[in-house]
Amino acid sequence: MNVDLGKVDKLIDKYRDEEAAYIPLLQDINSEFRYLPRDALKRVSQKMEVPLSHLFRLATFYKSFSLVPRGEHEIQVCMGTACHVRGAPRVLNKITQQFQIYPGETTADQKFTVETVNCVGACALGPLVVFDGKYFGHLNLSRTDKLLEGYHEENKKSS
Amino acid sequence: MVRINIDSKEVEANGESTLLELARKNGIEIPTLCHHQAVTPYGACRLCLVEIKKEDETKLVASCTYPVREDGITVLTQSPKVNRVRKMILEFLLARCPEVEIIQEMSAEMGIKQSRFILYDNDDCILCGLCARVCEEIIGKSAVSFTDRGPDRKVSTPFNEPSEECVGCTACAFVCPTGAIKVEEWDEIRFIEKWNTEIPLQKCAKCDMLYTPANTPGYILSKMQLPENLLRLCEKCRRKSVAESLSNYDVTSKNVIIKK
Ligand code: FES
Ligand code: FES
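On a predicted model such as this, the values are computed, not experimentally measured, just so you know. (Residues numbered from 1 in each chain as written. Chains lettered and ligands numbered in written order. Predicted model: local features only at pLDDT ≥ 70, side-chain atom pairs only at ≥ 80, totals over all residues. Heavy atoms only, no water.)

**Student:** Got a sec to walk through the interface of chain B and chain A? Specific residues and values, please.
**Tutor:** Contact residues are listed per partner, giving 15 residues for chain B and 13 residues for chain A. Interface area for chain B against chain A, summed over the two sides, is near 1,300 Å², with a carbon-plus-sulfur share of 60%. Three residues stand out in chain B for area buried against chain A, namely Arg149(B), Pro158(B) and Phe159(B), and they jointly supply 46% of the buried area on that side. At the boundary of chain B and chain A, one finds 2 salt bridges. Across the pair Glu161(B) and Arg38(A) runs a salt bridge, and its minimum N-O distance is 2.9 Å. Sort the elements by how many residues they give to the side of chain B that touches chain A and strand β6 (residues 145-147) of chain B lands first, with 3 residues. Looking at the side of chain B that touches chain A residue by residue, the class counts come to 5 nonpolar, 5 polar and 5 charged. (Contact = heavy atoms within 4.5 Å. Buried area = accessible area lost by both parts, 1.4 Å probe. Salt bridge = Lys/Arg side-chain N within 4 Å of Asp/Glu carboxyl O. Helix = DSSP H or I, 4+ residues; strand = E, 2+ residues; numbered from the N terminus. Nonpolar A, V, L, I, M, F, W, Y, C, P; charged D, E, K, R; others polar.)

**Student:** Outline the domain arrangement of chain A, listing residues and values.
**Tutor:** Segmentation of chain A into domains returns domain 1 (5-61) and domain 2 (73-158). Each of domain 1 of chain A and domain 2 of chain A was reduced to a C-alpha centroid, and the two centroids are 30 Å apart. (Domains from an automatic or database assignment.)

**Student:** So what about the pattern of salt bridges? Which residues, and what values?
**Tutor:** In total, this model carries 23 salt bridges over all chains according to the counting rule given. Across the pair Glu91(B) and Arg116(B) runs a salt bridge whose closest N-O atoms are separated by 2.8 Å. Taken together, the positions of Glu91(B) in helix α2 (residues 80-96) and Arg116(B) in the loop between α3 (101-109) and α4 (130-139) put the pair 25 residues apart, joining distant regions of the chain. Classification of Arg116(B) by relative accessible area gives exposed; the value is 60%. Via salt bridges that share partners, Asp9(A), Arg43(A) and Lys47(A) belong to a single interconnected network. (Buried < 20%, exposed > 50% of the residue type's maximum accessible area, 1.4 Å probe, protein only.)

**Student:** I'd like a rundown of the environment of Arg153(B), residues and numbers included.
**Tutor:** Residue and element names in this part refer to chain B. Here Arg153 is to be found in the loop between β6 and β7 (154-156). Judged by relative accessible area, which is 25%, Arg153 ranks as partly exposed. Put simply, Arg153 and Leu127 are 26 residues apart on the chain and 7.9 Å apart in space, counted from C-alpha to C-alpha. Beyond its immediate sequence surroundings of up to four residues, Arg153 is in contact with Tyr42, Leu127, Phe146, Thr147 and Asp148. In terms of polar contacts, Arg153 uses its side chain to reach the side chain of Tyr42, at 3.3 Å. (Polar contact = N/O pair within 3.5 Å; in protein donor to acceptor, adjacent residues only side chain to side chain.)

So this is what it looks like as structure tokens:
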């Protein structure tokens, strides 16, 4: 995949004078490209004169960084204890079957990334899915269906 | 100057030092795995735990990272509490690397016959980080570092791919306390298994013996001023050529003169 390094350079310039601002810089890159492209990391390493291994350490340590491209939409299925006993596995199954991917993966069209999380602190709403930062609680199979459909429709409209 | 008591021995510290350094200087042995005097202490293995007492308070600290600053503390390196915790740590380590000799020996010394824990994917690496520290601080390359976290934590190269930075010096293998970094050599190649990195070897310009990883002399030259032609020779030929050049001098005379 070709990465627009110009964009990376701009972001680097923003943090140039700050010492040890690697994490905010990586965050910016991550949100710009929806992942941390390898070429971008190499660029940062060169320009900021920081060993690539240190950047790789940060990139693999924090969950919010990804080394593979993420989908446009992020779906987090809560698998915490409360959600689990309230039927989260079925919801997860439904979603992964619908998209034909495993948790942690992204659909081939780069539209959706599905992952599991452990308790988002809204147990009373379980089973619960966080869809692009919005919380959808009390899910059952048909409501999950609706939720996904809604997004599909929206996608069709916008594309 | 700070005066403290280690295992009922009065010792003095002049200037900055850690508990471990001070104890060792005074002949008191504390077991360690992740410590090496050449690099900054990191406190990973926790084997060097000691109990420190001040008035009625006691606490366990890692002696390799604990600076000696307060007067009048009492340090116990073998107290029942220390031994209990140290034994536990060794049991964990033994479960992780049952095949590593030094851990077997240390466990045996503490009277552990077998670890109570079972781990199915053993790993000789105990994540002490010495390899990463030596590569960064001494070699100045930072070819490897910790990656991932929690149970997945390991030491690796960027993107877990053969390293582009590695000069093949194998300082990492040298400091590794458990021998987790294996180095093999064949057909003009040096292979560092853990980093999955192959480094071509270079031949001596005189005798054709393979004597160094090909990119090392260049790297050494970039770091310090050394006669370049000497680095192209293996150790033996280097000695010979220095000796030969010395034979041009009359070393017996007081004023060294070059013989014609
Ligand atoms: S378990 Fe799902 S929000 Fe707490
Ligand atoms: S030697 Fe102190 S923690 Fe390893």
